[in-house]
Structures are given as structure tokens and as C-alpha cells.
Amino acid sequence: MPVGGDGRSACPIPDPGRGGDRRVTVWVLGDQLHRRHGAPAGAHPRTHRVLLVESEAQLRAERRHRQRLHVVLSSMRHFASALAAEGFTIDYRRAPDLAAGLAAHRADHRPREVIATEPCSWDARLVLRRLGVRLVRNDQFLCHPDEFAAWSAGRPRLRMEDFYRWQRRRLGYLMDGDRPAGGRWNHDTANRRPPPRDGRPWPEPVRDPLDDLDRAVLADLGGAGWGAPPEGLWPTSREAARRRLDHAIREVLPRFGPHQDAMLGGSWQMAHTLLSPALNLGWLHPREVCDAIEESYRAGGVPVASAEGLLRQVLGWREYVWGLYWLWMPDWRDANELGASRPLPPAFTGTAPTRMACLAEALEGVRARAWVHHIQRLMVLGNLCLLAGVRPAELVAWMWASFVDGAEWVMVPNVIGMALYADGGRMATKPYAAGGAYLNRMGDACARCPYDPRRRTGPHACPYTTLYWDFLARHARRLAAEPRVAAQVRAAQVRPDLPAIRSRAAEVLDLLDAGEL
Ligand SMILES: Cc1cc2nc3c(=O)[nH]c(=O)nc-3n(C[C@H](O)[C@H](O)[C@H](O)COP(=O)(O)OP(=O)(O)OC[C@H]3O[C@@H](n4cnc5c(N)ncnc54)[C@H](O)[C@@H]3O)c2cc1C
Ligand code: SF4
């Protein structure tokens, strides 16, 4: 990216000049773009200067998706631009890393103090503390890690369902007095239906033409990153994020729920709001989303199962994984209880194609949009890596770099805890392992696939089906003790064709490694 010799970016932000007037610096990190939360909430142009640093180390850390790089950088520049319009003096700079950026800022401006919102990642929090930055309490979530730690104290098992009900009670969402609206806490059974057969299209997502800042970032990126370039799907400003929230509540929420777990090739966004990048960068606060769900439900026209289904994601799952991340880090990210040692399949890194239709479609979604939906993440990409025994750290790194909404706090729980069962059941009560039958029930890709989801052996057997039975047999000793999978483990052990399955599984794993599946 063209950056001035003094390290400042070619972003259209007023030049702060040098020398400094000892104002307090508010340092805003790229995933904390909230004006009314954390450190920026108390800032005023007369008393505060704003610092944003584009860290070259972070940008080059992994083979990142172009849309991810774009949404982060363009969002940072839009945020800086909005603050400049409010009258703030902005020091927007690019530096080899965060520490170098802060050192250069301090040398130029000699601020009285540097403050920042508590960072969202473990490592960034350590770095900022080490650099003497005063951290302001992070209120980007509805439950602070301290509150989560208090909730979790003394509980033998930290179940999402218990946490979610606690959140609903204390925050009052979808509550009628002390009872859940509609009489039930949980509508999951109504919300796990196979794909709809009515042929109705799912609402088209909001797209905005790229503005001047977006285009400047794209030009600056040059050939950096991989994957398709941005096409206005992901919001890079507060206004764009609000438009997406309005669309999600008006168009998606009334149909949210029943088909949450279903996958249709022609409807990549089915049953999803696409709000995760806006939430994770800070453009939207979860309270705004929960308030909008509540209002829409109370106004009528939104089934309680739909309102509850989306509230469960935002108030439940999202806050739960955030709390667990802070409770169990840093050891959690290194967990590998199943001793998985296989490298990431070459199909993931784009160095080999795959004939597996469900996998090819999920990987094409990642390439085209840097986003695929929950079941593709969990049951197509994650499940394959679980069954094949891929090293957890490799899948974490790949997803983190590839998804537009990637962040360590959300990736570690979802990959280590959920998809790969790498913490041995500390978070999930069972491994999310499934064969082709599940994927065939929940999606339509099998009809386009040369493999057969019902076959366990032979060259046309679905790799998921073969590897599923092999996985249960491979880890029989450990999994037999897990009540929720013990029956399947016993079923695997008594299969008359188990030797043939295991021999085909060995071939499948070799083909996977060779990029020939
Ligand atoms: C292996 C794996 C990797 C994942 N990686 C990410 C990631 O990098 N970033 C990310 O934000 N989510 C991640 N998720 C969670 C979830 O898949 C995405 O949040 C969701 O698909 C985003 O699309 P959406 O906004 O349309 O979600 P919706 O289904 O519309 O849900 C609304 C919001 O709920 C929140 N949410 C729902 N489920 C989860 C969850 N399990 N964890 C955290 N938040 C949740 C998200 O903020 C989401 O935007 C991952 C899940 C799995 C299984
Ligand atoms: S047959 Fe197996 S590999 Fe092919 S699409 Fe179905 S589940 Fe995927």
C-alpha cells in the first residue's frame, strides 16, 4: 500500500501535524469500531486525539482472504473518516507492527496518556498492557468476561442453554414476566428442518457499490490476499451496517429458524442474517440486534420460534463463546486431545480441486465471499477435518484468515471446542461427527456428487460416510465413555464390514492428502 515516508497511510484523513499538544490518545483497534462504546465513548475532539494503526505483521501473518483484508482496512479508514468529520485529529498510520505504530505515534505527539478498549484477543491484550496503554472496560458484548467468570463459578458444566436463559432473565429479552415469551425457552426442535421444497427464493442480501475509500483500499491492496475481490456485500461503514440490520430484521427474521441448518446450492445465504462481520468489527452492537428482534416480535408478524432462534445466536451462542474464550485461554487454543496430526487437505488451500460436491461448494463460497454458513463451517469443513484428524491449529489458522468475520475469540471455541472436539468435550457434549446421510438430509449437494452418501466402501463411497465409521472405530476407547455417542461407537464395532470400511478409509485419507478425492 502506498504509505508516506513517515509511515502514515494515503488515507484521506486530515494530517495531524507534528509536535503534539499533550492530548490523550484514544487508540482504536480494527475490531473495535464503536463510537459509543469502550474508550471512544468518552472521547472529545478538544481533549483527545485518535490513533489507528494498520499493522503490516498482522496483514501478512497468514494467507488472508482479499475480502477480509478489504473489509478490515476499509472499515478502519471509514471509522477514522467519520471521527475526523466530528472534529477529531486523527493519526492514521501503517507500521511494521502495533508496537512500532505506537512508538512512532508517541515520538510524534508525546500524548499525556494512551487509552484503548480492552482488546478482543488474548495476545493483543498482553501487547497493549506491555506497552503501557491504559485499558478501558470492554463493553462490546452484553456479558463481560468478569460477569461470565462469576456466572461459571462452581458449575460442574458450562452449558450454553443455562447461560442463555440466564442472559434472557437478567437482560429481559423475549420475556413475559419471569416466563419466556411463547411459553418455551428453546425452539430448536422446530428449527432444524431439512431444506424447504417450496422453491421460494431467500431474500437477496444488501449490496452497496464500493465508495471512494473502498476503491482506494482495493487499489492499495494490489495483489495482496487470495480469493475474489469485494463486491459490496460486507459493510465498511456504520450506515452500511445499519442498512444490513434493517434488512435482516425486515426480510430475514420472519423466516429465520426452521431451516437454520439446511444447505441449498442455489441459496448460499439461506436462513442467515449475514450480520457477523458488522458485529465483529464493531459497526453493530449486539444490544442493537437484540433490541430490534424484541421490537419486531412485539410488533407482531414474527413467529416466536424465529425471534427466539435469532436471539439464541446473538444473546446466547455469541456471548457464550466470548465468555469461554476468556475463561479458558491461553491453553485452550493449543488443545489437541484426539492427537490429530494430518495437515490441512490441499483442497482447502486451493492447491488441488475436489470432486466432493458439498466440499467444493463450501470452498467456492469461501473463495467467492469469504463467508459460508454455519452448517457448512461445522458439518462440511469442520466435520471433514474432525473425521480425517487434521491438526486443530491448522484449521483455526485457515478459517481465521479466510472468513470475513474471523477472530480468535470466535474461532477457538467454534473450531477447537465444537468442530474438532479437540478439547476432549470440555465445551461440546459430543463430537459433531456425521456421515453422508446427515449431509444428504440437510442439503442438496449429494445429487450433484460422484460419491454416494449411502455407500461405506468402494471407490464411489462417500468419504464422509467411510470416515465417519472409521472415526468411531479409531477413537472407540475414548468415545465409548461419552453417553451421547456410545451407542454409535458400539454400532461401529459390530459392523460386519468394519475391516473393509477401515481399509477404504486408509485409501480415502491418502487420496485426501494427495488432493485426489
Ligand atoms: C467451525 C466454525 C467456525 C466459525 N467461525 C466463525 C467466525 O470466524 N466468526 C463468527 O462470527 N462466527 C463464526 N462461527 C459461528 C457462525 O457460523 C457464524 O457466526 C455465522 O455463520 C455467521 O453468519 P450470520 O451472521 O448470517 O449468522 P446468523 O445465523 O444469522 O446468526 C446471527 C449472529 O449470531 C452469532 N452467532 C451464531 N452462532 C455463533 C457461534 N457459534 N459463535 C459465535 N457467534 C455466533 C453471530 O454473530 C451471527 O452473526 C463459526 C462456526 C463454526 C462451526
Ligand atoms: S456424497 Fe458425500 S461427498 Fe458427495 S456431496 Fe454428499 S456428503 Fe458430500
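Residues numbered from 1 in each chain as written. Chains lettered and ligands numbered in written order. Predicted model: local features only at pLDDT ≥ 70, side-chain atom pairs only at ≥ 80, totals over all residues. Heavy atoms only, no water.

Enquirer: Can you help me understand the packing of helix H16 (residues 392–402) against helix H17 (residues 408–419) in this one?
Expert: Two numbers describe a pair of packed helices, the interaxial angle and the distance between the axes. In the contact formed by H16 and H17, the axes pass within 10 Å of each other and the chain directions differ by 135°. As summarised for this structure, H16 and H17 are arranged oblique, according to the angle between their axes. By crossing handedness, the relation of H16 to H17 is classed as right-handed. Contacts between H16 and H17 pair Pro392, Leu395, Val396, Met399 and Trp400 from the former with Glu408, Met411, Val415 and Ile416 from the latter. Of the residues in the contact of H16 with H17, the class split is eight nonpolar, no polar and one charged. (Axes fitted to C-alpha atoms, helices over the stretch in contact; angles between N-to-C directions. Helix = DSSP H or I, 4+ residues; strand = E, 2+ residues; numbered from the N terminus. Parallel < 35°, antiparallel > 145°, perpendicular 65-115°, else oblique. Left-handed = near helix turned anticlockwise from the far one by under 90°. Contact = heavy atoms within 4.5 Å. Nonpolar A, V, L, I, M, F, W, Y, C, P; charged D, E, K, R; others polar.)

Enquirer: Explain the site of ligand 1 here, please?
Expert: As a matter of local geometry, ligand 1 sits amid 25 residues, with Thr273, Leu274, Asn280, His374 and Met411 nearest to it. Relative to its unbound accessible surface of 810 Å², ligand 1 loses 98% to contact with the protein. When contributions to the shell around ligand 1 are tallied by element, the ones reaching two or more residues are helix H10 (276–281), helix H12 (304–328), helix H15 (374–388) and H17. Of all the elements, H12 adds the most residues to the shell around ligand 1, at six residues. Residue classes in the shell around ligand 1 are distributed as 14 nonpolar, eight polar and three charged. Each of domain 2 (145–328) and domain 3 (346–514) gives at least three residues to the shell around ligand 1. (Near = heavy atom within 4 Å. Areas by Shrake-Rupley, 256 points an atom, 1.4 Å probe, with all protein chains shown as cover. Domains from an automatic or database assignment.)

Enquirer: Help me understand the pattern of salt bridges, please; the structure alone is not making it clear to me.
Expert: Opposite charge on two side chains allows them to pair when their charged atoms are near. In the structure shown here, the tally under the stated rule is 41 salt bridges. In this structure, the salt-bridge partner of Glu161 is Arg165, at a minimum N-O distance of 3.0 Å. Taken together, the residues span about one helical turn, with Glu161 and Arg165 both in helix H7 (residues 160–171) at a distance of four residues. A relative accessible area of 13% places Glu161 in the buried class. Classification of Arg165 as partly exposed rests on a relative accessible area of 27%. Residues participating in the shared-partner salt-bridge network are Glu161, Arg165, Arg168, Glu308 and Arg312. (Salt bridge = Lys/Arg side-chain N within 4 Å of Asp/Glu carboxyl O. Buried < 20%, exposed > 50% of the residue type's maximum accessible area, 1.4 Å probe, protein only.)

Enquirer: Looking at this structure, I do not really get the site of ligand 2. What am I missing?
Expert: With respect to spatial proximity, the complete set of residues near ligand 2 consists of Met356, Ala357, Cys358, Gly436, Leu439, Ala445, Cys446, Cys449, Tyr451, Pro453, Cys462 and Tyr464. For the shell around ligand 2, the secondary structure elements donating two or more residues are helix H14 (357–369) and helix H18 (436–442). Classifying every residue of the shell around ligand 2 by side-chain character gives eleven nonpolar, one polar and no charged.

Enquirer: Is there a simple way to think about the domain arrangement of the protein chain in this case?
Expert: In many reports, interface size means the accessible area that the parts give up when they come together. In terms of domain boundaries, the protein chain breaks down into domain 1 (24–136), domain 2 (145–328) and domain 3 (346–514). Spacing between the C-alpha centres of domain 1 and domain 3 amounts to 38 Å. With ten residues of domain 1 at the contact, the number on the domain 3 side is 16 residues. The junction of domain 1 with domain 3 conceals about 960 Å² of combined surface from both sides, 46% of it contributed by carbon and sulfur atoms. Taken together, domain 1 and domain 3 are joined by zero salt bridges. Between domain 1 and domain 3 we count six residue pairs in polar contact (both at pLDDT 80 or more) in total. It is helix H3 (residues 66–86) that contributes the most residues to the side of domain 1 that touches domain 3, three residues altogether. A breakdown of the residues in the side of domain 1 that touches domain 3 according to their chemical character gives three nonpolar, three polar and four charged. (Buried area = accessible area lost by both parts, 1.4 Å probe. Polar contact = N/O pair within 3.5 Å; in protein donor to acceptor, adjacent residues only side chain to side chain.)

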